[in-house]
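Chain by chain, the residues run as shown.
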Amino acid sequence: SDMKHVSRPGSAAEPKRPVISFRMQLPGNYFAQGEVYLEAAIALSKTPPRLIGAEIPLFFCIAQATELFFKSFLAANGKDRALAGWTTHDLAKLQSAATQLGLILKDTTQATITEIAKQNRAHEFRFLDTTRELVLPPPRCAIKAVTDIKTSALDTVQPFMRVREK
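What you see is a predicted model; the values in this text were computed from it and never measured. (Residues numbered from 1 in each chain as written. Predicted model: local features only at pLDDT ≥ 70, side-chain atom pairs only at ≥ 80, totals over all residues. Heavy atoms only, no water.)

Caption draft 1: Inspection of the confidence of the model for the protein chain at higher detail. Mean pLDDT over the protein chain: 87, with 86% of residues reaching 70 or higher. Predicted confidence in the protein chain is weakest over strand 1 (residues 3-7), with a mean pLDDT of 48, and strongest over helix 3 (residues 91-100), with 98. (pLDDT = per-residue confidence, 0-100. Helix = DSSP H or I, 4+ residues; strand = E, 2+ residues; numbered from the N terminus.)

Below is the structure:
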């Protein structure tokens, strides 16, 4: 694995905590973190929701994974925080920039991401700071869309996924 697990010394009162250091270049880090959020979304999709709104954390993970896979591709193409939509977490703008740079996505993927982006304009998945209804695509469609982005971005990001020398 490209992640190195280190333990911080702790006292009896404070147990050791794992420290995860990402030693790849940024596009590789973004991609690896996207995989983690996608995995979390898949795990949440298999858990029967017990509470109203239980889909929100799942879609938070979907939005995070989407953003990270787009940013991994964009960063591999030399883009950074200066790009429109980067710092505002605007999935529609990030998708548009990525496809203009050659990221090939299915039409269904683009439509699903556009739909998710509309529902998460003000970070509703993070804070639920809204009183309007959130209309979300079926989780399996969303997971399929994120997986398409991941698969399409991989070739471009791969060269940045090697562990850096210290």
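Caption draft 2: Spotlight on the nonpolar core. By size, the foremost hydrophobic cluster in this structure holds 41 residues, and its most contacted members are Ile62, Phe70 and Leu103. For this core, the secondary structure elements donating two or more residues are helix 1 (26-45), helix 2 (55-76), helix 3, helix 4 (107-119) and helix 6 (139-157). With 14 residues, helix 2 is the largest single contributor of residues to this core. In this structure, Phe70 is in contact with Leu91, Leu94, Gln95, Ala98, Leu103, Leu105, Ile113 and Ile149, ignoring residues within four places of it in sequence. (Core = buried A, V, L, I, M, F, W, Y, C linked by side-chain atoms within 4.5 Å. Buried < 20%, exposed > 50% of the residue type's maximum accessible area, 1.4 Å probe, protein only. Contact = heavy atoms within 4.5 Å.)

Caption draft 3: Just the pattern of salt bridges, in detail. If you walk through the whole model with that rule in mind, you get two salt bridges. Of the charged contacts in the structure, one is a salt bridge between Lys150 and Glu35, with a shortest N-O distance of 3.4 Å. Here Glu35 lies in helix 1 and Lys150 lies in helix 6, a separation of 115 residues in the sequence. Residues Glu67 and Lys71 are paired through a salt bridge, measuring 2.7 Å at the closest nitrogen-oxygen approach. Linking Glu67 with Lys71, this pair stays in helix 2, spanning four residues, or about one helical turn. (Salt bridge = Lys/Arg side-chain N within 4 Å of Asp/Glu carboxyl O.)

Caption draft 4: Fine view of the side chain of Thr109. The residue Thr109 is located in helix 4 in this model. Residue Thr109 is classed as buried on the basis of its relative accessible area of 3%. If near-sequence neighbours (up to four positions away) are discounted, Thr109 is found in contact with Gln95, Ala145, Asp148 and Ile149.

Caption draft 5: Inspection of the packing of aromatic side chains at higher detail. Enumeration over the complete set of coordinates arrives at four aromatic pairs. Arranged with centres 6.0 Å apart and planes meeting at 50°, the rings of Phe59 and Phe125 form a pair that is tilted. One end of the pair, Phe59, is in helix 2; the other, Phe125, is in helix 5 (residues 124-127), with 66 residues separating them in the sequence. (Phe/Tyr/Trp six-rings, centres within 6.5 Å; stacked < 30°, edge-to-face > 60°.)

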